Amino acid sequence: MRVAVVGATGRIGSLTVAALQRDGHDVVPISRTHGVDVVASTGLDEALAGVEAVIDTTSINAATEAEAVGFFTTATANLLAAEQRAGVVHHVVLSIARVRTVPGNPHMAGKRAQEAAVEAGPIPYTIVPATQFYDFPAMAAGWVEHDGVAQLPPLLMQPIAPADVADILARVAVGAAQGRHRDIAGPEPQDLIDMAHRTLAVQGRSIRLVPTWHGGIFDETAAGDALLPAADAEIAPTTFDEWLAAQREVSGG
């Protein structure tokens, strides 16, 4: 199939491009690097010529709910309109597990708006809700680090390897539209702060982590099992220990 990947230079987008190419599909990478801007709606018609399916992996680090909602609604509206003109038959969007039950996070508000736009749009779709990725805790520590200290929420999660997410997106895109896919998650529940400690150690980074609900990433609405996947979730194979060992090999540790 001819499949377009939006956000193709991001960490999930680039892995999804590789997964599709590995399986023999014709991949159209879409990003500003490739001369296509989904927010400005420039270059989309040319990029989507002959494309049968689109995988949207776009993301934004938004400081406010309004910024996140504005980005996702605009980008999705532009994408769906261009897909309709091009005759695309399947729109796949990467979303977040439990996104509808955790209000206290700007990014999740944006993803809820994105889901609503896709559900109301003209293209048959599959929404793939994923739990947080294995690299999220260390990334989050970097986002909020100040003078060697990062305040992080004591989240319980069941995170997933980025490469497993990409494999699932690639598989889903070349099949029929499903509406809402089952949650996808990794094999085991994890503690965000413990994951951040272990990942930062492998990376050779020294950041003191302070557990708190006042660090700005999530508030108490994400406490307890709020971020855990549904009982019928599709469980991906890669464990956090396996992913961390691969990161250690890359870093030479």
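I will try to describe carefully the structure that is included in this document.

Calculation rules
- Residues numbered from 1 in each chain as written.
- Predicted model: local features only at pLDDT ≥ 70, side-chain atom pairs only at ≥ 80, totals over all residues.
- Heavy atoms only, no water.
- Helix = DSSP H or I, 4+ residues; strand = E, 2+ residues; numbered from the N terminus.
- Rg over C-alpha atoms; globule rule 2.2 N^0.38 Å.
- Contact = heavy atoms within 4.5 Å.
- Lys, Arg positive; Asp, Glu negative; His and termini not counted.
- Charge placed at Lys NZ, Arg CZ, Asp CG, Glu CD.
- Salt bridge = Lys/Arg side-chain N within 4 Å of Asp/Glu carboxyl O.
- 1 Å grid on protein atoms, 1.4 Å probe; cavity = no way out; pocket = protein on both sides within 12 Å on 5 of 7 lines; lining within 4 Å.
- Points joined across faces, edges and corners; volume = space filled by probe spheres on them.
- Expected span 1.5 Å × (residues − 1).
- Buried < 20%, exposed > 50% of the residue type's maximum accessible area, 1.4 Å probe, protein only.
- Arc of directions from axis to C-beta.
- Core = buried A, V, L, I, M, F, W, Y, C linked by side-chain atoms within 4.5 Å.
- Pairing = 2+ DSSP bridges.
- Right-handed = clockwise from strand over helix to strand, strands pointing away.

## Quick word on the overall build of the protein
From N to C terminus, the protein includes eight helices and 12 strands. A compact globule built from 253 residues would reach a C-alpha radius of gyration of about 18 Å, and the protein, at 18 Å, matches this within 12%. Based on the C-alpha atoms only, the size of the protein along its principal axes is roughly 50 × 40 × 35 Å. For the protein, long-range pairs separated by at least 24 residues make up 80% of all intrachain contacts whose partners lie at least 6 apart in sequence. The distance from the centre of the 16 positive side-chain charges to the centre of the 29 negative ones in the protein is 0 Å.

## A closer look at the pattern of salt bridges
Where side chains of opposite charge bring their charged atoms close, a pairing between them can arise. By the definition in use, this model includes 11 salt bridges. Across the salt bridge formed by D23 and R22, the nearest N and O atoms sit 3.3 Å from each other. In this structure, the salt-bridge partner of E115 is R180, at a minimum N-O distance of 2.9 Å. Remark: R180 occurs in strand β8 (residues 179-180) and E115 occurs in helix α4 (residues 106-120); sequence separation between them is 65 residues. The network of salt bridges with shared partners includes R100, E115, E119 and R180.

## Digging into the layout of surface pockets
Space inside the largest pocket adds up to approximately 1100 Å³. Forming the walls of the largest pocket are 43 residues, and the residues nearest its centre are T58, S59, I60, N61 and H107. Elements with a minimum of two residues in the lining of the largest pocket: α1 (11-22), β4 (90-96), α4 and α5 (136-144).

## Some remarks on helix α8 (residues 240-251)
Because each turn of an α-helix spans 3.6 residues, side chains separated by three or four positions in sequence point in the same direction. An ideal rise of 1.5 Å per residue puts 16 Å on 12 residues; α8 measures up with 16 Å between its terminal C-alpha atoms. Buried within α8 we find F240, W243 and L244. Around the axis of α8, the buried residues are gathered within 100° of arc, so they sit on the same side. Elements that come into contact with the buried residues of α8 comprise α6 (162-173), β10 (190-191) and α7 (192-203). Just downstream of α8 lies G252, where phi reads positive at about 80°.

## Focus on the nonpolar core
Within the largest apolar cluster, 30 residues are counted, with the highest numbers of intra-cluster contacts made by L152, L209, F218 and L227. Counting residues per element, the ones that place at least two in this core are α5, β6 (149-152), α7 and α8. Per element, the largest residue contribution to this core is six residues, and it comes from α7. Dropping the residues within four chain positions of it, F218 is found in contact with V102, G104, N105, M108, F136, P153, L155, W213 and L227. Among the nonpolar cores identified, the runner-up in size contains 24 residues, and V5, V27, V128 and A170 belong to it.

## Observations regarding the pairing of strand β3 (residues 53-56)
Of the two faces of β3, the one holding A53 and I55 and the one holding V54 and D56 are both buried throughout. Here strand β1 (residues 2-6) runs beside β3; their pairing, made up of four bridges, is parallel. Across the sheet, residue V5 finds its bridge partner in β3, namely I55. Across four bridges, the pairing between β3 and β4 is parallel. Counted as the bridge partner of V54 is H91 from β4. In this view, the connection linking β3 to its parallel neighbour β4 by way of helix α3 (residues 65-86) has right-handed handedness.

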